[in-house]
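# Commentary on secondary and tertiary structure
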Amino acid sequence: MKRVNEKNNLKKDDEYSLQRIKIGATKTLSGKLRKHNVNRETERICVSAVVQLCSGGGRRERKRESDSQLASEHVLVAASTQPPILHKHTQTCLRRVLCGRYVPSICTFAEPELVRALQQTSSRQSKRHYVMKVRTQFWKHPSSDWLRGTEDLFAPPSPAVSRQWAYRDGKLVNLPVSLLVEGDIISLRPGSEAPTELRGIQEEEHVVLSRSDVFSHLSSPPSPLDSGRPRPHRLLQPQLFRVMKTPTAEVVLRCLELSQHRPVSVLDNERFTVQSLLERGPAPFVLVLLLVLNLLRILFGAPGVGPWPVTLLQLPVNGVLPLLPLTFPLLWVFVCMYGEACVLLQMGSEPADWWELWKLTCKKCYSVFWGQTSTLCHTASLLHSLGSVTVLCCVDKQGILSWPSPNPEKILFFSKSASSQETERQRQKEAKKEKDKDEEEIRSLCSLEMLSLSVGQAQCDDTWVQFDDTCWQRHAPSLRPLGLAVQLVLCDPGVATRMLRLSDHLTHAALVRTRPPCQPVRPPWGLCHLPRILGFSTSAKEPFEQRMSVAAYTLPSISCPGDPGIIAPPSVSMRRLPFSHLIALLVHHTQTGDHQLFSYGSADVILGACTEFWDGEDIQRLTDSDRKKVVDFYQRSCMAGQCVAVSFKPLLQPHDPEIDDTCVELPFNHNTDTTDDISITPLRQQIFLGLVSSQFQARPDVVRLISGLDSACIRFVYFSIEEEVRSKVFAEKMGLETGWNCHISLQSESFPLDPDNVEEPETEEEEEILLRDGVRERTESRAMEHDGACLIEDLNREAKLPKGIENVRPHLENIDNVPLLVPLFTDCTSQTECEMVCIMQEYGEVVCCLGSSQNINNNEIFLQSDISIGLDPLVPTCCWSTSDAADETLNTSDSVSVSQLSSAICGLACTVQFNQKDNNTVIRLIKQARHTTAGIRKCFLFLLQCQLSLVLIQILACVCQLPPPLGTSDVLFLSCFYFPLLSVSLLGKPSDNSIMKVPTGKNLRFLPKKTLRLFVLCFLVKFGLTVCTFLSCFGLLLHSFCLDINHQEEDLCHPAALLMYVEMNSTVWSPDWYGRHSDGLSLAQKVIAFLVLLNAMCTSISHVHRSAPMWKQSPLSNRCWCAVICIVPVLNASLAMASRFLWHDPDLHHTFYISDIPMVTWMLGILWLIPLVFINEGIKLHEIRMRVRYQKRQKLQFDTKLGMNSPF
């Protein structure tokens, strides 16, 4: 018994001494950190160690694991051996990229059919010209550092940038996927998806991967568990594959096949509808009516009837001429060119001088006509699409909508608050003689603290992260070890490289060995700014040397170890659980010789390895309550973003070099304290430092863009590849509505997760299993604070919306249209995104797609949308990265970078491409396109009314038994010159901001009957009285000329007398308007043509500003219209006088002059224009009221998100 007591006492003494050593080491570390913050120059003077690289440059190189790896490397060296001349290799590479195969010649393409198709496709001429120009410039003048920006293999990845490890010029580079060609040798990282069709080499040549497949390594199976004891295994190495299919060739062929399949624009639909109505209705009706009326006049011998060729041929043709599209095609092309040029001018700086603006507009019009712009002006016009866009969807998040890396948002740690410290001092004063204190009393002074961080909204980048609490420095002792741990792992390229290799191995295990697959393991790149916030300089990591790194993970109890081979990932993402893992990094302090172990990973594994925590002054023992609080915070943070736990341990014993760069699988419900395995010994009894959660933050310019779109009644739709909770959290940050009934998951109810079609259990069963495994989704955890509280809703109040893309169409057909009103779609893939856009277009939506121009997966949805805009994404960078400086050097130089070439190829289907900071240009483009589109509608509406007035006046003249009031030349001049000129001048109206508050209609393929009835009614009121007035003027003119012919005998020229002479051969006394007295009829027709022109000019006054009356917005603000108003009447009078002078017949029996026109005709024709202006203004006020009512209804429908299941 005595020996047992001695052993227990020795054991307690050892534990006490070990605890004191831990406390001393931690205090020493904290003291050094304080000293470092006070005087950083002392640290800079210290000797800095050379950081070890991933390949173990400073360490003894290990032996090769197998002969197969040697064989693979020999094949790799042979395959990557390139000619010594860089220019020749670059030319060959570019030819293979654009053609999809090798070419023996330097000056010819290998696929002439593809090039001929590109040349013959006029719709792709501008984009082809741009790509060919970029390719030629890159080909002829490649820079010596053309691979700059691709050497950093372990740069933080981004879903918005498609990159792949490949071999160029004998070295491994991080190349864009669009530049891969058939026959290339690539290195596929563990857990990565295949970028295209691949085939293994050497022993694994039988392995064939399709696009998006994940390869399960055959040579490195999981380590077996020997009686529950973990065994370390080596990390998986990147696997070599040969590219079997060129991705760019598929992109180009898809663009050529689907470029003409875009939906017809709203303007084109309206044009087709009006043209078809005119061709099928008014035109044949007018022709038949005039033929019948004139035939009856000839048969019954009506007075004033001319020869039969004139009556049966010329008059019907004159009546139909205004309805024929004689100049309409040319006018449409000119107006569209001008509108497209005006929209393109918004992408640059606006010149101050009007003459410079006019020259730029002419140059743009010329470029648009010949297809020499960088936009797809023929197949996806910016004018037609942006002017009527109703939905703007975005398919990329990272680098497009958000900053490229997640920013730290919350920090959870243990600390002693100021009040606790004062209490402790008082207790120490009261109990000076008491040396021993109860553990609970000491423990009660510590508490869990949480600090929030945010990105300044006024900043233009994501590096300005700051604490929301201005008094955060009182917790500096607790935060300094956490900041040092983050700086050691993220701010050093060698350590970060090791972290990426370990993360790749863990990601492979998470995707392959768990069902459903857990979340991939990603290093917390967004935390690299945290050390700077805490006061650390870049030299703080110099005294530390990297010595060892090891990873560990735990599989859930329902793990399903996958067989080696190909694992096809699920077609859509599920609610994935965080993968339980740990990454440990051993560093050596060169000044003190101490070894310190920092661990990073999930909270469950980190807490399993920790027994104490650091409170800023001392270490305390972790209790079950502490663990529960930390795990709850970790679970909530992982549901909405990323979270990493950090721990620390001073290593007193030398480490085993054999466990370096290894990974170990821990048994479920492991306990490191009771495990004596040598691979686990360094990982146990650690000190918990804290948790850091990070989330993607929305860019301020994106928030402003969404706000501007919402005020313009353009629905912003976010297609998210993530699950519901994460998508809702980020959507709320952008300002989207994320409440009830505002979200649809495109994930199907059931889908195969692997080639064996393993059926997954129901949702309730999965939740029960997760509850048994300790991953509880408790009801109280759903009541998050601040950003998550309104998003993670009670599942009992589930929205009645379709789930799965296959259920959207039945819901729209049978229930309501809510799927067209929601702003968020989750669990998306490229196929479901394209299908949802197609559904929107079927219901009249005009869709504009916004996405990354360097993501090759966006090609399909770019082609499906009405218009697509490609943005250069913001690329995530590291603390040591120099990619920004490299990009600036490449941008300032004349050479074309690899990323620019990749952006040109991936963005081949995009209508226009913008730079990283041009998001606000979209609003300017939409505003100008809306203004020009409204002007085009107004222009052709006015032109149609004027043309119909010419038809109406000729029909009524025929009914009234009058000679034709307009000659053929007058009809042609009015319909082909004067009216189009007046109509085009209406486009000169200056733009205003009110156009962005007007909702646009949907893309309908028919004309509503209500709209047609309103148009006919307004036309009859506007032009019916005017036509009757002008016919009266025409009758007065003929009556006056008749009196002049018959020497003022009123009985012979009275209309009643003329009708009485019908039975007695009245043609004896009627004037011969087509023979001897044709000069009088010609003069009368010129006068009526002039009056009709004056009527069109006065009517155009109310068409200059259609949204406000004349006394609120003066029509004189349109300078082009003012110039045309001054020129047109002078030109008409000059041409009339010239025609009478040139074609006057001196042999006529009677000649008439302007002085022969009676004054009553002028007074009636001109004075009628005064009340006509007020009539038109009254009709415009009525139209404005109806338009405002319609816009309010459209705005109400736009703001309504709830359907038939709404509780309201």
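Residues numbered from 1 in each chain as written. Predicted model: local features only at pLDDT ≥ 70, side-chain atom pairs only at ≥ 80, totals over all residues. Heavy atoms only, no water.

This part takes up the overall build of the protein. In terms of regular secondary structure, the protein is built from 37 helices and 27 strands. Across the 1208 residues that make up the protein, the buried fraction comes to 54%. Look at the contacts in the protein between residues 6 or more apart in sequence, and 80% of them connect residues 24 or more apart. Accessible surface, the protein: about 55,400 Å² in total, of which carbon and sulfur atoms supply 57%. (Helix = DSSP H or I, 4+ residues; strand = E, 2+ residues; numbered from the N terminus. Buried < 20%, exposed > 50% of the residue type's maximum accessible area, 1.4 Å probe, protein only. Contact = heavy atoms within 4.5 Å. Areas by Shrake-Rupley, 256 points an atom, 1.4 Å probe, with all protein chains shown as cover.)

Strand order in the open sheet formed by 6 strands is E2-E1-E3-E8-E4-E5, with antiparallel pairing between adjacent strands. Edge positions in the sheet fall to strand E2 (171-176) and strand E5 (208-209), since each has one partner strand and no second. Note that strand E4 (residues 198-200) and strand E8 (residues 239-243) share 3 bridges and pair antiparallel. Paired with Leu198 across the strands is Val243, a residue of E8. (Pairing = 2+ DSSP bridges.)

Right, let's talk about the nonpolar core for a bit. If you look at the biggest cluster of nonpolar residues, it comprises 119 residues, and the most contacted ones within it are Phe716, Met734, Phe940 and Leu974. Aside from chain neighbours lying at most four places away, what touches Met734 is Leu401, Ala698, Val702, Val703, Ile706, Phe716 and Tyr718. Judged by nonpolar contacts, the second largest core, of 60 residues, contains Val455, Trp472, Leu479 and Val692. (Core = buried A, V, L, I, M, F, W, Y, C linked by side-chain atoms within 4.5 Å.)

For the rest of this paragraph, the subject is the side chain of Lys1086. By the element assignment, Lys1086 lies in helix H34 (residues 1078-1104). Exposure remark for Lys1086: the relative accessible area of 17% places this residue in the buried category. In this structure Lys1086 touches Ser969, Asp970, Ala1136 and Ser1139, once residues within four positions along its chain are discounted.

Turning our attention to the packing of aromatic side chains. Taken as a whole, this structure holds 15 aromatic pairs when the rule is applied. Considering the side-chain rings of Phe467 and Trp472, the 4.7 Å spacing of their centres and the 25 degrees angle between planes classify their relative orientation as stacked. Three or more aromatic residues joined by ring pairs make a cluster, and in this case those are Phe328, Trp332 and Phe940. (Phe/Tyr/Trp six-rings, centres within 6.5 Å; stacked < 30°, edge-to-face > 60°.)

If you walk across this open sheet you meet the 7 strands as E23-E24-E22-E9-E25-E26-E27, and the pairing is parallel. Only two strands of the sheet have a single neighbouring strand rather than two, namely strand E23 (744-745) and strand E27 (912-914). Pairing analysis gives 3 bridges linking strand E26 (residues 867-871) to E27, with the strands arranged parallel. Within E27, the residue paired with Gly870 across the bridge is Gln913. In the packing of helix H25 (residues 830-842) onto the sheet, contacts are made with strand E9 (391-394), strand E22 (715-719), strand E24 (824-826) and strand E25 (847-852), and the angle to E22 comes to roughly 155 degrees. (Axes fitted to C-alpha atoms, helices over the stretch in contact; angles between N-to-C directions.)

This paragraph deals with the packing of helix H11 (residues 328-345) against helix H12 (residues 354-370). Across the interface, H11 lies against H12 with an axial gap of 8 Å and an inter-helix angle of 115 degrees. The interaxial crossing formed by H11 with H12 has right-handed handedness. Counted together, Met337, Tyr338, Glu340, Ala341, Leu344 and Leu345 of H11 and Leu357, Leu360, Thr361, Lys364, Cys365, Val368 and Phe369 of H12 form the full contact between these two elements. Its residues placed into classes, the contact of H11 with H12 shows 10 nonpolar, 1 polar and 2 charged. (Left-handed = near helix turned anticlockwise from the far one by under 90°. Nonpolar A, V, L, I, M, F, W, Y, C, P; charged D, E, K, R; others polar.)

Our next topic: the packing of helix H9 (residues 282-300) against helix H10 (residues 308-320). It is the contact of H9 with H10, at a shortest axis distance of 9 Å, that shows an interaxial angle of 155 degrees. Classified by the angle between their axes, H9 and H10 sit roughly antiparallel to one another. Note that H9 runs across H10; the crossing there is right-handed. On the side of H9, the interface is formed by Ala283, Val286, Leu287, Leu290, Leu291, Asn294, Leu295 and Ile298, while H10 contributes Trp308, Thr311, Leu312, Leu315, Pro316, Gly319 and Val320. Broken down by class, the residue content of the contact of H9 with H10 amounts to 12 nonpolar, 3 polar and no charged. (Parallel < 35°, antiparallel > 145°, perpendicular 65-115°, else oblique.)

This part takes up the state of the cysteines. In total, this model carries 0 disulfides according to the counting rule given. As a non-bridged cysteine, Cys255 has Cys910 as the owner of its nearest cysteine sulfur, 8.9 Å distant. Cys255 sits in the buried class, given a relative accessible area of 0%. (Disulfide = S-S within 2.5 Å.)

Such coordinate-based values are descriptive only and should not be taken to indicate function.
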